[in-house]
Amino acid sequence: SANPFTISSRGGGSQFFDGLINEVRVYNRALSSREVFLLRWAPWTVSRTGLVGYWPLRQITQVTEAWDHSGNKNIGKLINGPTVGRSNQIIKVRR
């Protein structure tokens, strides 16, 4: 990608998130507060307009890549040994 970004770290990669990540969505527009609420409780009702990437991490098949389900073919690279948990196949991010 011309504009890669990192999820779960900051400070130039020196500080990491230690927890669970279920899915990641990136839009090229601001979402309304109603859309944000609906993404949690009824995601199928939210417009896909502006959806740049959607990675449902509970549906990955390997622990090195996350496939984009938005139709834009943005493949996510998983690094630092994340593991797939048994509870809804959620990614466990380690520091």
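Before reading on, note that the structure itself is shown above.
Residues numbered from 1 in each chain as written. Predicted model: local features only at pLDDT ≥ 70, side-chain atom pairs only at ≥ 80, totals over all residues. Heavy atoms only, no water.

Q: Would you mind showing me how to read the overall build of the chain here?
A: Looking only at helices and strands, the chain features 1 helix and 9 strands. Its helices and strands taken in sequence order, the chain reads β-β-β-β-α-β-β-β-β-β from the N to the C terminus. In the chain, buried positions account for 27% of the 95 residues. Considering only contacts within the chain whose residues lie at least 6 apart along the sequence, 40% involve residues at least 24 apart. (Helix = DSSP H or I, 4+ residues; strand = E, 2+ residues; numbered from the N terminus. Buried < 20%, exposed > 50% of the residue type's maximum accessible area, 1.4 Å probe, protein only. Contact = heavy atoms within 4.5 Å.)

Q: Explanation requested: the pairing of strand E5 (residues 51–56) in the structure shown.
A: In summary, the side chains of a regular strand alternate between the two faces of the sheet. Among the 6 residues in E5, 5 count as buried, and that is most of the element. Examined bridge by bridge, strand E4 (residues 23–27) and E5 share 5 bridges and lie antiparallel to one another. Among the inter-strand pairings, Arg-25 is bridged to a residue of E5, identified as Tyr-54. (Pairing = 2+ DSSP bridges.)

Q: Explain the packing of aromatic side chains to me, please; I cannot follow it from the model alone.
A: Ring pairs (aromatic) are described by centroid distance and by the angle formed between their planes. Tallied over the full model, the rule gives 0 aromatic pairs. Directly above the aromatic system of Tyr-54 lies the positively charged group of Arg-25, at a separation of 4.1 Å from the ring centroid. For Arg-40, the ring lying beneath its charged end belongs to Trp-41, and the centroid distance is 4.4 Å. (Phe/Tyr/Trp six-rings, centres within 6.5 Å; stacked < 30°, edge-to-face > 60°. Lys NZ or Arg CZ within 6 Å of the ring centre and 35° of its normal.)

Q: Teacher, can you tell me more about the pattern of salt bridges here?
A: Pairs may arise between side chains of opposite charge once their charged atoms sit close together. Tallying each qualifying case throughout the model produces 2 salt bridges. A salt bridge links Arg-25 to Glu-23; the shortest N-O distance between them is 3.1 Å. By relative accessible area, Arg-25 is classed as partly exposed at 23%. The class for Glu-23 is partly exposed, based on a relative accessible area of 26%. Of the charged contacts, one joins Glu-35 and Arg-29 as a salt bridge, the two residues approaching to 2.8 Å between their closest N and O atoms. A relative accessible area of 15% places Glu-35 in the buried class. Of the residues examined, Arg-29 reaches a relative accessible area of 27% and is grouped as partly exposed. (Salt bridge = Lys/Arg side-chain N within 4 Å of Asp/Glu carboxyl O.)

Q: What's the story with the environment of Trp-55 in this structure? I'm lost.
A: Locating Trp-55 in the fold gives a position in strand E5. In this structure Trp-55 comes out as buried when scored by relative accessible area, which is 10%. At a separation of 2.8 Å, a polar atom in the side chain of Trp-55 contacts the main-chain carbonyl oxygen of Asn-74. (Polar contact = N/O pair within 3.5 Å; in protein donor to acceptor, adjacent residues only side chain to side chain.)

Q: Is there a simple way to think about the nonpolar core in this case?
A: Within soluble globular proteins, side chains that are nonpolar tend to cluster in buried spots. Core analysis: the biggest nonpolar cluster contains 7 residues, these being Tyr-27, Leu-38, Leu-39, Ala-42, Val-46, Leu-51 and Tyr-54. Sorting the residues of this core by element identifies helix H1 (33–41) and E5 as the ones contributing at least two each. The next biggest cluster of nonpolar side chains, apart from the first, holds 6 residues, and it includes Ile-21, Val-24, Leu-57 and Ala-66. (Core = buried A, V, L, I, M, F, W, Y, C linked by side-chain atoms within 4.5 Å.)

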